[in-house]
Structures are given as structure tokens and as C-alpha cells.
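Here's the letter readout for the chains.
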Amino acid sequence: MKVNKAAQVKGHTKSLKWKDARGKRCRPPINSSDLNSSPVVVQMIKEHKAAVKKKPTVKRLKKKSKSVFVSKKSTPTQSGFKKSYTHANGSSAVTMDNESDESQDSQAWKAYAQSIHKNGVETSDGMGPARSGRLEGDALHYCAERDDQQNHAVLVMQNDQNLCFRGKCFLTCLYGRVEVMGFTIEEGQQSYPLFSPASHCPLTITALGSADDSRDERMEATTILRKYLSRPSRKKLLRSIRLNSSVILLEPMETPLTRFLSSLTDLNELFSPPRNELMSAVLDTPLNGLGMIPLAKAIEGLAMSKSYTEALNTVISACRGDMDGCAVILVCGSKNVGKSTFIRILINTLLNHTSGVDYLEGDLGQTEFTPAGCLSMSAVREPLLGPPFTHQCTPEHMIYYGQSSCESDLDRYLESLKSLWRQRSESRDTPIIINTMGWVKGFGFQLLVDMIRLFPVSHVVQLGHGGSTQCPLLTPEFLRTAHGCQTHPPAQTALEEFTESHSPPRSYVHLIVQSEFQGVGRQGTAKHQRTNERRELSLLAYLSQLQSPYPGPVRPLHCLTPYQVPHSAVAVGVTHCEVAPNHMLYAANGNLVGLCCLGEKVAGRGGPVLLSKAPICPCVGFGVLRGIDMARGLYFLLTPVNPTVLRKVNCLLLGAISLPSCLVTTQPGFEGEMPYVTTDYSFDLTGAGKLRVFKGLMRPSQIGM
């Protein structure tokens, strides 16, 4: 693709921002010249330096992992995964400010220590033993302090205590360990962004305590508090520090994504509690001004059943064991049973022990890393601490199917998945998770049978609710006689060529998970919780990359500078239906298009190049075709794709995934008639509304009735 752009071209600035944000929050080692000669502090420095020499600067979990944490009932997953990668980009050292009141702090600590019994329970100030469970109400005033000058808060949590919240923030573990969505965050690691919007289940931060029982946590925590809080606030929090306490730093978060979403009228309360949670919101705490709203225990948060936990532990144990090849985990189940949440927790738990996890996206309607309508292969290196729209990224390989369902072309769906699998190296030993659609009836169930036969699956996790899986159990015994769309027992002639280099195992482990969370099996009815709204959030998040990475006003579509693409440089095709050639450009104008790379060169003769059939080809991203100039033979394209990648694009594919209406209806600063918007339109005209074809349904007129 030949591209010309008058303005300066910006690449993937979003990822750089995250990288910089994490780098800034790593603490440099302690420098003894910055401290006075207090005997206690000098002794602490010596012990710390000795500990640093023993421990590597790059670290992961210090102990064997426990089984997957489930509120107060479960016990953690054992794992002895060899550490080959870490998210920590700093040491556990802490820089201390040179303050004149260190001796006063020491005296305050000695006085406080005299009020502590040998079991670590304070009695002089009337505070009882540390309790596990939800942090809410008055408890947050005792264990949290905010520094208005630095605009952050420090929270002390005891072992097994948890904080459930709505909002968004950066979390840094200053001491001890905490767990979020299965991922363990330790001291010395980077700051992690947490997203808990009203569209999904609220996040919960759970304290795991210190991994080293031999450390003097009270004295080390006192030193840490000195850097982040004033003396009165430090003195107050000292009363909350006990054995196995964890100390976390919470900071407000503002990114191009959050600025863009909050600029839209319908989404400006996305990170606030929905109406059904307002009565449980705890509003008067030191955390509220940071963009966090704690929730009372009436809001359950993430609920994990016994079978849920057992399945996670089984898969984690298999990944850590000596398997013949890598683990291939296929997750399936009907709609709204928690497949995506299960996968996020599984990925996060695996990232505690291994460098990365591969992810094959097979759900067109609820994609994890891309806008809807895509099939993709991604390598996950960072934890997923929010819903899909908070971690949109470019996969290693992607194919634009163009629809949120594959019922119109099952063969193209399966061929696209096989094409993605071929791109994966056979020598790759990282675990791979395969996500599937919630379509488990009829042809949808046959597709599941095909996928289990297509790929060398080692585990099938089948989710259900109410004591049922809403479809037959996909056991190895059942597959010996089951029929798929392309495969039939016992011969699998349709897959002979494909399975030459990817021979599936004869058997696999079948796990049944019964989801027990509130509202299981039903689509959410609250604002932002419907599936179509979630699809729009993912697309808006992707398009937020068009905005500047620096703080400032949000620019509407008509203020962005487009690329100019010659008609002869790219071909245009439609994926989801047949369009007359003379209507194709009308259909594509003002719509979302996939930026794809055909295997053959596109050679136009001055006019537009049109495709008669949708190809299966790599997709590198998406753009908005904001205008077509027939006189000059140019397409005007808005896209966040890097120009070096954009030059490889030679095909624009139009699908059924449309732009959210809020993008074109809310464009401030526009005078006159708004483009692509009209009120002079009648749905009474034949063909004016959306026509949906139900395949396999015979109407009375078709059967002679």
C-alpha cells in the first residue's frame, strides 16, 4: 500500500506509555549516604544488603505457588514451574528520604511495640486481632492513609483480607504479596493497571502476606511508609501492621483509553458502580479520590465454585509437570457461563510461573485482544487485570472474519482457525489456551467436535450451570462416535493433510466446571453489560489509539489527519454478504475496514480494484474509511497501525462490524450537517431495515403451506 500523510505519523504510542509508566515506578536500591547514623537503620541496611546479594534482581514467586485462591474457602495451587521470565523490572530495595524525624519514628515504634503481645495483637489502642475477609467501612479508615500532596494512598492489608472495588488505579506492592484475578504481585515489581468497570464483575485485591517468614516485617514496613506518607499518617498506619501484613500503593490512573471513553456521554460513568451496587458503595474512604470506590461485602465479587477451583488446579499442575509436548487447553460452554473469566484467571495464574501463554481466539462475538469479528493467535506476556477492552493489542497472527457469528460460513471459520494454527511453531513449548464460542447447539456443537479433532488438545474444560452443561459431554469416548461439520468417525479424511505435522493425541483430560455466580446463564441487563455494548467497548478501545498519548482534549474523527491511499494500491472486498460492484464503495464509505495483506500483488488500472470473494488472509489492524475521492482516485483512511506495517497492506475488507453510533453522532466543533448522519430516513421502505436470514428455517411459503 502506498500511503501519504501530511501530518506527523504516530505509531503505537499506547504500549510505550505503559512501558514508561511501569519503568518510573521501580524503586532504586538503598543508598546509605542518604540515611543518618541511627543504629537501628544502619543494622537494617546491613541486613538488606546481605539479602540483596542472596536474591537475584530478577525474581518471581519466592515460594511454591499455592493453589488457586478462592475467597475464604479454597486453598492455593501447587506449582513448581521453573522461572524463565518475570514481570519485575526492579529490585525489592527501597529509597529512603533523609528525614530528621527518624529517631522520633523509632521511639514511636518502640512505644507501639510495647503494646504488642507475643502473638502480634495490639491491646493498648483497643484494636483487636487482624480479621480476614472484606475491607470496608471503618476498617478502611484504620488501614488506609492518603497523601494529598503526592496524590496517592497506602493501604495495609492483613493475610486473607480483600478489597473489592469499582474504578481504576495503578497498584504497586510495597511489601508482602497480593493477588488479583489469579496473578500474584510482589514487592519490587512494576506497577500494574487495574480496571474494574461497571460492565464486568468487580475486581478484588486479596492479601497473601509475606513470602519470607524470617523477615522483620514491622521494621521494614516502617521504612517503606516513611517514603510515601507524612509522619502523622505513618504513625497511624503503624498500628495496623502485624505479622504477614502486605502494604500496597494505590495511584490514580489516566490513559488515552480512559480519557477517550470518559469523553463520550454514554460512557462517562463506566468506572462507577452500576445502580444495583450504589447501596453497597463505600464513599467516605481515603481511596475514593483516587478513582476507586470500595464495595461492601453485600457485593460478592468473583465467585469460584469448587469444581471451578479444581479444574484450574488440575490444568496448572499439568502445565508444570512433564507432559509430552505443551499443554493445549480448549475451554467451551454455553453463553454467559464465565468462559472468558475462567480463561483470564488461568492465564494470570500461569504467568506466575512461566514466561508467557499462547492464546487462540475462536469466539468471534466476545474477543479478548481485538475488536469483534476476528480470529487470532496471541502471545500473552502481561497479566490481564481488566475486561477485554482494557488490553486491546495486536496479535501475532490475525484473520478478519468480519462477523460476530460464523453461522453464515462454517467452512471459512474452520479454515481460518487451521491457517492460524499452522503459523505456530511446532517447537514452541508454552501452554496454549483455545477459546470457543457459546454456540453449543446444532452446527455450533459440531464445530466444537471438529476443533477438538483439529488441534492436539490435552485438556477440554467444559463449563455449565444448574447441574448441566447444556450440551452432551465432550469426553474422549463421546468423540469416537460424534460427527462434526468436517470430520466424521472413524476416518478423518478432511483432516489428513492438516494432521500430518499436528497429530492430535488419542485421549485428553475432560474437566467439568459448574459455574455458580449470580446471574449465570443469563445476559446482563444493566447498562454496559449487554454483549453488543461490550463489543462496542472493545472497538472504541482500539480506536482510542488514534488519540494523542499526552493529556489534552479528545479529538473527534473529523479533526484527525487521514492517510491518502490510491485506488490502484489496494483491493476492496466484503466478507459477510454479496454486494453489487457498483454499490461496494458506497457500502464501505464511513465504515470500519480490516487492513489485510493478500498473497498476490494488486495491480489496478486506474479505478478501484474489487474482490468478488472474501479471501482468508492475514490482517494487521483496522481503520475507518472516512472518505473516498473518485476524482483523484484516493481513499482517506484513519488507522492507528504503524506506517511501516501499513505499507504491506493491499486489501481493505468490509465486514458486518459497524462503528459505534456515538463516534459519528458526538463530534464537537462541527458546523453544518454532520457527515454520515441523517434524520431524513424511513424504515417503512422495503429493504431499509436490517435483513437477517435464519439459515435452516423453512417458512410456510417455502413448503407450500
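None of the values given here were measured: they were computed from a predicted structure.

Trainee: What should I look at first to understand the overall build of the protein in this one?
Mentor: Counting its secondary structure elements, the protein contains 16 helices and 24 strands. Within the protein, buried positions represent 56% of all 705 residues. A fraction of 78% describes how many contacts in the protein between residues 6 or more apart in sequence connect residues 24 or more apart. Here the protein has roughly 32500 Å² of accessible surface; of this, 50% comes from carbon and sulfur atoms.

Trainee: Would you explain the sheet that holds strand 23 (residues 634-638) in this entry?
Mentor: The strands that make up a sheet are held in pairs by hydrogen bonds between backbone atoms, and each pair lies either parallel or antiparallel. The strand order across the open sheet built from seven strands is 18-23-22-20-24-19-21, with neighbouring strands paired in mixed fashion. A strand with exactly one partner marks an edge of an open sheet, and here the two such strands are strand 18 (563-566) and strand 21 (609-610).

Trainee: Would you mind showing me how to read the environment of Phe271 here?
Mentor: With respect to the helices and strands, Phe271 occurs in the loop between helix 7 (256-262) and strand 10 (292-294). On the accessibility criterion, Phe271 (15% relative accessible area) is buried. Phe271 sits 106 residues away from Phe165 along the chain, and the two C-alpha atoms are 10.0 Å apart. Apart from the residues lying within four places of it in its own chain, the contact partners of Phe271 are Arg166, Gly167, Lys168, Phe195, Ser196, Pro197, Thr258 and Phe389.

Trainee: Looking at this structure, I do not really get unusual backbone geometry. What am I missing?
Mentor: A positive phi angle, close to 50°, is found at Met181, a residue other than glycine. Summarising the element assignment, Met181 is placed in the loop between strand 5 (177-180) and strand 6 (183-186).

Trainee: Explanation requested: the sheet that holds strand 12 (residues 357-361) in the structure shown.
Mentor: Ordered in space as 14-13-12-15-11-16-17, the seven strands form an open sheet in which the pairing is mixed. Of all strands in the sheet, those bounded by a partner on one side alone are strand 14 (397-400) and strand 17 (509-515). Ignoring strand direction, the axes of neighbouring strands in this sheet form an average angle of 15°. Pairing analysis gives four bridges linking strand 11 (residues 328-333) to strand 15 (residues 432-435), with the strands arranged parallel.

Trainee: Help me understand helix 8 (residues 306-320) in this model?
Mentor: Note on helix geometry: an α-helix contains 3.6 residues per turn, so any two residues three or four positions apart are oriented the same way. Helix length check: helix 8 (15 residues) gives 21 Å between terminal C-alpha atoms against 21 Å at 1.5 Å per residue, within 8%. Restricting attention to buried positions, one finds in helix 8 the residues Ser307, Tyr308, Thr309, Ala311, Leu312, Asn313, Val315, Ile316, Ala318 and Cys319. Buried residues in helix 8 make contact with strand 11, helix 9 (339-351), strand 16 (459-465) and strand 17.

Trainee: What is the right way to read the packing of helix 8 against helix 9 from this model?
Mentor: Geometrically, a packed helix pair is captured by the angle between its two axes and the distance between the axes. For the pair helix 8 and helix 9, interaxial distance at closest approach is 11 Å and the crossing angle is 40°. By the criterion of interaxial angle, the relationship of helix 8 to helix 9 is oblique. Judged by the twist between their axes, the crossing of helix 8 over helix 9 is right-handed. Mapping the contact onto sequence places Tyr308, Ala311, Leu312, Val315, Ile316 and Cys319 in helix 8 and Thr341, Phe342, Ile345, Leu346, Thr349 and Leu350 in helix 9. Its residues assigned to classes, the contact of helix 8 with helix 9 shows ten nonpolar, two polar and no charged.

Trainee: Sorry, what's going on with the packing of helix 10 (residues 410-422) against helix 11 (residues 443-454) here?
Mentor: At a minimum axis distance of 12 Å, the contact between helix 10 and helix 11 shows a crossing angle of 25°. Classified by the angle between their axes, helix 10 and helix 11 sit roughly parallel to one another. Considering only the axes of helix 10 and helix 11, their crossing is right-handed. Of the residues in helix 11, those in contact with Leu410, Tyr413, Leu414, Leu417 and Lys418 of helix 10 are Phe443, Leu447, Asp450, Met451 and Leu454. Here the contact of helix 10 with helix 11 is composed, by residue class, of eight nonpolar, no polar and two charged.

Trainee: Explain the packing of aromatic side chains here, please?
Mentor: Aromatic ring pairs are reported here in terms of the distance separating the ring centres and the angle at which the planes meet. The tally for this structure, following the rule as stated, stands at ten aromatic pairs. Residues Tyr308 and Phe342 carry aromatic rings whose centres are separated by 5.2 Å and whose planes lie at 75° to one another, so their mutual orientation is edge-to-face. Separated by 34 residues along the polypeptide, Tyr308 in helix 8 and Phe342 in helix 9 bring together distant segments of the chain. Residue Tyr308 is classed as buried on the basis of its relative accessible area of 4%. One aromatic cluster in this structure is built from Phe195, Phe271 and Phe389. Between the NZ or CZ atom of Lys168 and the centre of the ring of Phe271, over which it lies, the distance is 5.9 Å. Above the face of the Trp421 ring, Arg424 is positioned so that its terminal group lies 5.8 Å from the ring centre.

Trainee: Any chance you could explain the side chain of Gln547 here in plain terms?
Mentor: Counting through the fold element by element, Gln547 comes out in the loop between helix 13 (531-543) and strand 18. Among the polar contacts listed, one links the side chain of Gln547 to the backbone oxygen of Arg555, at a separation of 2.9 Å. For Gln547, the residues in contact, after removing those within four places along its chain, are Phe260, Val554 and Arg555.

Trainee: Help me understand the confidence of the model for the protein, please; the structure alone is not making it clear to me.
Mentor: Regions with low pLDDT carry predicted coordinates that are not meant to be interpreted in detail. Mean pLDDT for the protein: 80, with 74% of residues reaching 70 or above. Across residues 51-66 the pLDDT falls below 50, and counting only partners more than four positions away or on other chains, this stretch makes 39 contacts in the model. The low-confidence segment residues 109-129 (pLDDT under 50) makes 27 contacts with residues lying over four places distant or belonging to another chain.

Trainee: Looking at this model, I keep getting lost on the pairing of strand 24 (residues 651-654). Mind explaining?
Mentor: Remember that side chains alternate between the two faces of the sheet whenever the strand is regular. Alternating positions in strand 24 separate into two faces, Cys651 and Leu653 on one and Leu652 and Leu654 on the other, with burial throughout. As defined by bridge partners, strand 19 (residues 571-574) adjoins strand 24 across four bridges and the pair is classed as parallel. Residue pairing for strand 24: Val574 is matched across the bridge by Leu654. When strand 20 (residues 592-596) meets strand 24, the two strands line up antiparallel, connected through four bridges. By the bridge assignment for strand 24, Gly594 is matched with Leu653.

Rules and cut-offs
- Residues numbered from 1 in each chain as written.
- Predicted model: local features only at pLDDT ≥ 70, side-chain atom pairs only at ≥ 80, totals over all residues.
- Heavy atoms only, no water.
- Helix = DSSP H or I, 4+ residues; strand = E, 2+ residues; numbered from the N terminus.
- Buried < 20%, exposed > 50% of the residue type's maximum accessible area, 1.4 Å probe, protein only.
- Contact = heavy atoms within 4.5 Å.
- Areas by Shrake-Rupley, 256 points an atom, 1.4 Å probe, with all protein chains shown as cover.
- Pairing = 2+ DSSP bridges.
- Axes fitted to C-alpha atoms, helices over the stretch in contact; angles between N-to-C directions.
- Expected span 1.5 Å × (residues − 1).
- Parallel < 35°, antiparallel > 145°, perpendicular 65-115°, else oblique.
- Left-handed = near helix turned anticlockwise from the far one by under 90°.
- Nonpolar A, V, L, I, M, F, W, Y, C, P; charged D, E, K, R; others polar.
- Phe/Tyr/Trp six-rings, centres within 6.5 Å; stacked < 30°, edge-to-face > 60°.
- Lys NZ or Arg CZ within 6 Å of the ring centre and 35° of its normal.
- Polar contact = N/O pair within 3.5 Å; in protein donor to acceptor, adjacent residues only side chain to side chain.
- pLDDT = per-residue confidence, 0-100.

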